[in-house]
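Inside the fold
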Amino acid sequence: MNAPLAPARLHSGAGRRDATRPAWHRGVRRILVIKWSALGDVALATAIMEDLRLAFPDATMHLNTLPAAQALFAADARFERVLAIDVRARGQRLLQAWHWLRAVRAGNYDLLVDLQASDHTRLLIGLLPMLGCRIRQRLGWRGGFPYTLHNAVRTRGLHPIAAMRAMLACAGIEARTTRPLLRVPPVLADAALDLLQRHGLTARGFAVFMPGSQAAGWLKRWGADRYAQLGCLLLERGVERIVLIGARDEAEECARIRAAITRSHPGRVVHLDDLHLLQIISVCARARWIIANDTGIAHVAAACGRPLVVLCGPTDARRVKPLGPQVRALQARDGCLNCYAKTCRHADAPQCLARIEPACVARLLLDDACTATDINIL
């Protein structure tokens with residue numbers, strides 16, 4: 001498999017940056033950033049949003065995202081406004097498209113940055129001139145109409161962050177942010193800290209498990225039995241507690257893990273099932289490790305900067321790995337992989353994930369070593 005993404009370079013100084021910036025940067029006063037994807041993709045893209053903020057520190061920035069991702073930007077000072085317009089709403093696409101076109105026209109933007117890379121955004125952006133909205137610079141992943149700036153390299157097969165960084169490069173914007181950047185409002189951070197104290201969870205004394213995924217993506221789940229085995233191995237090697245983070249779709253999976261671990265280690269598992277999305281960052285920031293399936297909240301957790309291991313099977317680890325210098329993705333080396341299917345044609349449980357043994361993950365965490373020859377570590 002391909003090598004993991006290298007961290008973005010750090011710039012040596014503002015003077016050099018100003019000297020190398022394209023002349024059109026000086027005319028950018030208002031920016032619209034578009035990202036409509038699922039929760040994890042939006043969290044990943046916040047690294048690019050931060051690079052845009054650093055490149056245009058005095059510009060007004062607006063964000064256009066879907067309502068489901070709006071909670072990620074509660075009290076986020078980078079954005080003066082979040083346009084949460086559900087352009088994908090079933091039965092209302094024409095109406096929502098009209099709302100979108102009117103909102104963007106009223107924004108009077110100098111720069112539009114399309115992080116979505118879809119035919120849908122291309123179509124809507126292409127319709128803007130018909131309403132008298134002519135945004136001078138339009139930056140996108142793919143070439144041609146309606147963009148004035150676009151990638152000069154093929155993005156197919158690339159990790160999304162690599163494709164977005166290439167897009168920034170073609171616009172003279174440096175990629176410097178090495179993990180997702182999400183701001184946690186103090187009131188949410190304080191409430192998360194209080195919750196940890198009530199459960200007796202001390203900093204670096206617990207491991208976080210994220211064992212779920214949305215119900216439609218159940219093939220991405222490593223399995224309750226394997227998570228329970230890993231939890232027992234970690235508790236036997238000095239970890240104080242196991243913290244399970246899962247919402248409604250993961251409640252049954254978390255309950256099975258908790259029951260299995262409790263049989264041999266009573267009182268050592270805590271299930272946090274009522275966290276605000278941004279509180280996941282506050283909790284994970286105090287964890288020793290985070291272990292997760294390929295799920296959206298793993299990308300949110302990557303913002304905390306703690307060691308994170310993501311277990312992949314039916315999705316390509318090279319393309320779904322969260323961003324961060326302490327993030328590793330594990331995937332079986334051979335066999336049926338990267339099918340992106342909703343059902344497994346080989347078994348009721350996906351064998352691609354079953355081949356990742358709990359003992360192997362434990363060795364990777366505890367000893368920074370994994371001797372299994374059939375596992376790739378990215």
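Note on numbering: residues in each chain are counted from 1, in written sequence order. Under the rules for a predicted model, residues below a pLDDT of 70 receive no local features and side-chain atom pairs below 80 are neither given nor counted, while totals for whole chains, interfaces and linings still include all residues. Derived side-chain values reflect all non-hydrogen atoms in the structure, with water molecules and hydrogen atoms excluded from consideration.

**Here we look at the overall build of the protein chain**
Labels follow the DSSP assignment, with helices taken as runs of H or I lasting at least four residues and strands as runs of E lasting at least two, numbered in each case from the N terminus. Of the regular secondary structure elements, the protein chain holds 13 helices and 13 strands. Taken against the 2.2 N^0.38 rule, which gives 21 Å for 378 residues, the C-alpha radius of gyration of the protein chain at 22 Å falls within 12% of a compact globule. Along the first, second and third principal axes, the C-alpha set of the protein chain runs to 65 × 50 × 45 Å. Considering the protein chain as a whole, with its 378 residues, one finds that 53% of them fall into the buried category. In this analysis, two residues are considered to be in contact whenever any of their non-hydrogen atoms come within 4.5 Å of each other. Looking at the protein chain alone, contacts between residues at least 24 apart form 68% of all its contacts between residues at least 6 apart. The method behind every accessible area is Shrake-Rupley, applied with a 1.4 Å probe, and residues are considered shielded solely by the protein chains displayed. For the protein chain, the accessible surface area stands at approximately 17,000 Å², while carbon and sulfur atoms represent 50% of it. Radius of gyration here uses only the C-alpha atoms, and the compact-globule reference equals 2.2 Å multiplied by the residue count raised to the power 0.38. Burial classification: accessible surface area is computed with a 1.4 Å probe over protein chains only, and a residue below 20% of its type maximum counts as buried, one above 50% as exposed, and the rest as partly exposed.

**What to know about the sheet that holds strand β11 (residues 308-312)**
One requirement defines pairing of two strands: DSSP has to find at least two bridges between them. Read from one edge of the open sheet, 7 strands run β9-β8-β7-β10-β11-β12-β13, paired in mixed fashion. Only two strands of the sheet have a single neighbouring strand rather than two, namely β9 (269-272) and β13 (375-377). Neighbour-to-neighbour, the strand axes of the sheet open up by a mean angle of 20°, direction not taken into account. With axes taken as lines fitted to C-alpha atoms, and helix axes fitted only over the stretch in contact, angles between N-to-C directions fall between 0 and 180 degrees. Packing of helix α7 (residues 224-236) onto the sheet brings it into contact with β7 (206-210), β8 (241-245), β10 (289-293) and β11, and relative to β7 it is tilted by some 175°.

**Regarding the packing of α7 against helix α13 (residues 358-367)**
Each pair of packed helices gets described by two things: the angle between the helix axes and the distance between those axes. Running from N to C, α7 and α13 point in directions that differ by 40°, and their axes come no closer than 9 Å. Taken together, α7 and α13 sit at an angle that is classed as oblique. As α7 packs across α13, the resulting crossing turns out to be right-handed. Seen from α7, the contacting residues are Arg 226, Gln 229, Leu 230, Leu 233 and Leu 234; seen from α13, they are Pro 358, Ala 359, Val 361, Ala 362, Leu 365 and Leu 366. Should an angle fall under 35 degrees it is taken as roughly parallel, and over 145 as roughly antiparallel, whereas 65 to 115 is taken as roughly perpendicular and any remaining angle as oblique. By convention the crossing between two helices is left-handed if the near helix lies anticlockwise of the far one by an angle smaller than a right angle, and right-handed if it lies clockwise.

**Looking at unusual backbone geometry**
The peptide bond linking Phe 145 to Pro 146 adopts the cis configuration, its omega dihedral lying at 10°. Checked against the element boundaries, Pro 146 lands in the loop between β5 (137-140) and β6 (149-150). At Ala 75, a position not held by glycine, the phi torsion is positive, near 60°. Of note, Ala 75 is situated in the loop between β2 (60-65) and β3 (81-84).

**Concerning the environment of Asp 190**
For Asp 190, the location among the structural elements is in helix α6 (residues 186-198). When the C-alpha atoms of Asp 190 and Thr 46 are compared, they prove to be 23 Å apart, with 144 residues separating the residues in sequence.

**Side note on the pairing of strand β4 (residues 111-114)**
Residues Leu 111 and Val 113 point to one face of β4 and Leu 112 and Asp 114 to the other, with burial holding for every one of them. Sheet topology note: the strand β1 (residues 30-34)/β4 ladder contains 4 bridges and is parallel. Considered in β4, the bridge of Leu 32 is made with Leu 112. Inspection of the sheet shows β4 paired to β5 by 3 bridges, in the parallel sense. When the bridges of β5 are listed, Leu 112 appears paired with Arg 138. If you view a crossover with the strands going away from you and the path from the first strand over the helix to the second runs clockwise, you call it right-handed. In this fold, the crossover linking β4 to β5 by way of helix α4 (residues 119-127) has right-handed handedness.

**Some points on the sheet that holds β3**
If you trace the 6 strands from one edge of the open sheet to the other, you get β3-β2-β1-β4-β5-β6, paired in parallel fashion. Here the strands that pair on one side only, and so sit at the sheet edges, are β3 and β6. Of the pairings in the sheet, the one linking β5 to β6 comprises 2 bridges and is parallel in character. Counted as the bridge partner of Leu 139 is Leu 149 from β6. Strand contacts of α4: β1, β4 and β5, with the helix running at about 160° to β4, the strand carrying the most contacts.

**Quick notes on the pairing of β11**
Within β11, 5 of the 5 residues are buried, leaving the element largely enclosed by the surrounding structure. Burial of the side chains of β11 extends over both faces: Leu 308, Val 310 and Cys 312 are buried on one face and Val 309 and Leu 311 on the other. Pairing between β10 and β11: 4 bridges, direction parallel. The residue bridging Asn 293 from the neighbouring strand is Leu 311, located in β11.

**Quick notes on the environment of Arg 88**
Checked against the element boundaries, Arg 88 lands in the loop between β3 and α3 (93-107). Arg 88 gets classed as partly exposed once you look at its relative accessible area, which sits at 34%. When near neighbours in sequence (up to four residues on either side) are disregarded, Arg 88 contacts Trp 36, Ser 37, Leu 66, Arg 93 and Gln 116.

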